[in-house]
Amino acid sequence: MNVKEWSFKLLGLLNPKVLSAIEKSAQAIPQVKGKMDSEFAEIVKGMEESAKPYKNRFQTYSHFPEAGRSREEILNEMEELRSLEQSRWESGYASGAVYHGDPEFVEFLNKAYSLHSQSNPLHFDLWPSATKFESEIISMTANMLGANEESGDSSSPKEVCGSVSSGGTDSILLAMKTYRDWAIKKKGIAKPEIIAPTTAHAAFDKAAEYFDIKLIRVPVGKDFRADVEATVQSINKNTAVLVGSAVSFPHGVIDPIEELSELARERGIGFHTDACLGGYVLPWAKKLGYSVPDFDFSLPGVTSISVDTHKFGYAPKGTSVVLYRNPELREHQFFTVTEWPGGMYLSPTFAGSRAGGPIAACWAALLATGEKGYLDATKQILETGTKIRKGIEEIPEVQVLGDPLWVIAFASKDYDIYQIMELMTQKGWSLNGLHHPPCVHICVTLRHTQAGVADKFLEDLRSSVAHVRANPDEKTGSAPIYGMAATLPFRGVVSDLLKKYMEVLYKI
Ligand SMILES: *Cc1c(COP(=O)(O)O)cnc(C)c1O
């Protein structure tokens, strides 16, 4: 370790409040600020180059064209953009991202989408089809997740219901807002709190920030699953809801949902299973004979679930489902205004007008796939996941984290995992860089079940690892930035950098 790394380590031991004070005072020193600004400028320039590849290849529009352009020309240009971007995800180089992607299936979804592209479920009088689609998406999803199985506990009645939202984050935000209002109205908790493992999705932080709810993050165990004992210690009189993931985004593991949800049930508080990633895989995995612990409404303590149709439900982007154990809970999600001159207003989710196209396409995806389709797809994905996991385990320089099925995270004890990821990026792969601890994951989808993809991944990983082993000090591309962002004790600086990145994305 060099001096810089040592000072990072030492600073890392300080209390976050002290650190943030040091950070503020350091930034007040002109030399420090100047140095940081110039380092920032360098990084931001690099970001801009990689985020804006079309700058010199296509015309840029900051204003309307004076006369509208020809439709044909526009479509040709869009077709060119699409084809430039298609091959990487289509041939299986991306972690997650596109979960089905078979060309004929995509064409079918596009037809369903375009048939209903003008519809808006806000106008339920004009488009009762949209509400038909929604209620059936909810019902099919709920029945997959134990809605009608006997829980053997009459104290926790089930009339599972829910809403279609626009994505996983949206579902989580809705559920957390629902618990906040339920806790205030029904539990008399003035300042409700959420308890979630550190690995639960960033959307829980977003919910906490947006809705002014305190979020307590509980460290996970060595197996990367939620720590039940530590959770018990964090529960207090303000706790409104406990959270667990099935599976977690970073390491693809299933939290001990049964134990956690029992903690909640014993105390009369909510339990939310975030099954955004696993909800459309685990039920089928279980049917296929994989050992899958209970995580859904078959457990009497589970009071809500988020589950993404736009991931392993194979719908196009723009839909997810949030489910509640009964309508008494969901009621706190609903919004009404009775005195607005614009009329009686009712809205079940955050958006007012909503896109009917994605909902229609989601319904079509669920019907076209059917039980057999989900079983077949899951079988292929889990077999490919097993193959990739085994292959990674055979590389001595990297270690698989936890006990995953198809979202496989790996780290390296002796080498820079971000440099390994950077070499994979150079070979065309788009993997997810994670931290705490530093690692990388691949989320296996149907794209990776195509012939040769898993072998190519393992071959590229072996050669990337071999290169890093031979050149352990080489740092290229985004590896140093990842390394810095993961270890820099000044988290405010990292946050500023991320905000700068968003500014870059919005630049034309
Ligand atoms: C993807 C994901 C989310 C968030 O979903 P978005 O659709 O990206 O908003 C939440 N939780 C888990 C476990 C996820 O994998």
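Since this is a predicted model, take the numbers as computed values, not measurements.

## Let's talk about helix α17 (residues 491-506)
Residues that lie three or four places apart on an α-helix share one face, since the helix turns once every 3.6 residues.
Thought 1: In a regular helix each residue adds 1.5 Å, so 16 residues correspond to 22 Å; α17 covers 23 Å between its end C-alpha atoms and thus fits that length.
Thought 2: Looking only at α17, the buried set comprises Val493, Val494, Leu497 and Val504. All buried residues of α17 project into a common sector of 100 degrees when viewed along the axis, lining one side. Exposed positions of α17 whose direction lies more than 90 degrees from the buried face are Leu498, Lys499, Glu503 and Tyr506.

## Quick word on the side chain of Thr303
Thought 1: Here Thr303 shows up in the loop between α11 (282-287) and β6 (304-307).
Thought 2: Since its relative accessible area comes to 15%, Thr303 is described here as buried.
Thought 3: At 2.7 Å, the side chain of Thr303 and the backbone nitrogen of Phe271 are in polar contact.
Thought 4: Excluding residues that lie within four positions of it along the chain, Thr303 makes contacts with Tyr179, Gly270, Phe271, Phe297, Leu323, Tyr324, Arg325 and Leu329.

## A closer look at the pattern of salt bridges
Thought 1: For the coordinates displayed, the defined rule picks out 25 salt bridges.
Thought 2: Residues Asp212 and Lys191 are paired through a salt bridge, measuring 3.9 Å at the closest nitrogen-oxygen approach. Placement of the pair is Asp212 in the loop between α8 (203-211) and β3 (214-218) and Lys191 in the loop between α7 (168-186) and β2 (193-197), with a sequence separation of 21 residues.
Thought 3: When its relative accessible area of 59% is taken as the criterion, Asp212 is described as exposed.

## Brief notes about the site of the ligand
Thought 1: Close contacts around the ligand come from 13 residues, with Gly168, Thr169, Asp274, His310 and Lys311 the closest.
Thought 2: In this structure, Thr169 approaches the ligand through a side-chain N or O atom, which is 2.5 Å from an oxygen atom.
Thought 3: Between the ligand and the protein, one listed contact pairs an oxygen atom with a side-chain N or O atom of Asp308 at 3.4 Å.
Thought 4: Compared with its free state, where it exposes 380 Å², the ligand has 85% of that area covered by protein.
Thought 5: Ranked by residue count, the leading element in the shell around the ligand is α7, at three residues.

## Regarding unusual backbone geometry
Thought 1: At the junction of Ala246 and Val247, the peptide bond is cis and its omega measures out at 0 degrees in the coordinates.
Thought 2: Within the element layout of this structure, Val247 appears in the loop between β4 (239-245) and α10 (257-267).
Thought 3: The omega angle of the peptide bond from His436 to Pro437 is 0 degrees, so this bond is cis rather than trans.
Thought 4: One non-glycine residue, Phe224, lies in positive phi territory at about 70 degrees.
Thought 5: With respect to the helices, strands and loops of the structure, Phe224 is situated in the loop between β3 and α9 (228-234).
Thought 6: Located in the positive-phi region is His436, a residue other than glycine, with phi close to 55 degrees.
Thought 7: For His436, the position within the fold is in the loop between β12 (432-434) and β13 (439-443).
Thought 8: Overall, the relative accessible area of 60% leaves His436 in the exposed class.

Thresholds applied
- Residues numbered from 1 in each chain as written.
- Predicted model: local features only at pLDDT ≥ 70, side-chain atom pairs only at ≥ 80, totals over all residues.
- Heavy atoms only, no water.
- Helix = DSSP H or I, 4+ residues; strand = E, 2+ residues; numbered from the N terminus.
- Expected span 1.5 Å × (residues − 1).
- Buried < 20%, exposed > 50% of the residue type's maximum accessible area, 1.4 Å probe, protein only.
- Arc of directions from axis to C-beta.
- Polar contact = N/O pair within 3.5 Å; in protein donor to acceptor, adjacent residues only side chain to side chain.
- Contact = heavy atoms within 4.5 Å.
- Salt bridge = Lys/Arg side-chain N within 4 Å of Asp/Glu carboxyl O.
- Near = heavy atom within 4 Å.
- Areas by Shrake-Rupley, 256 points an atom, 1.4 Å probe, with all protein chains shown as cover.

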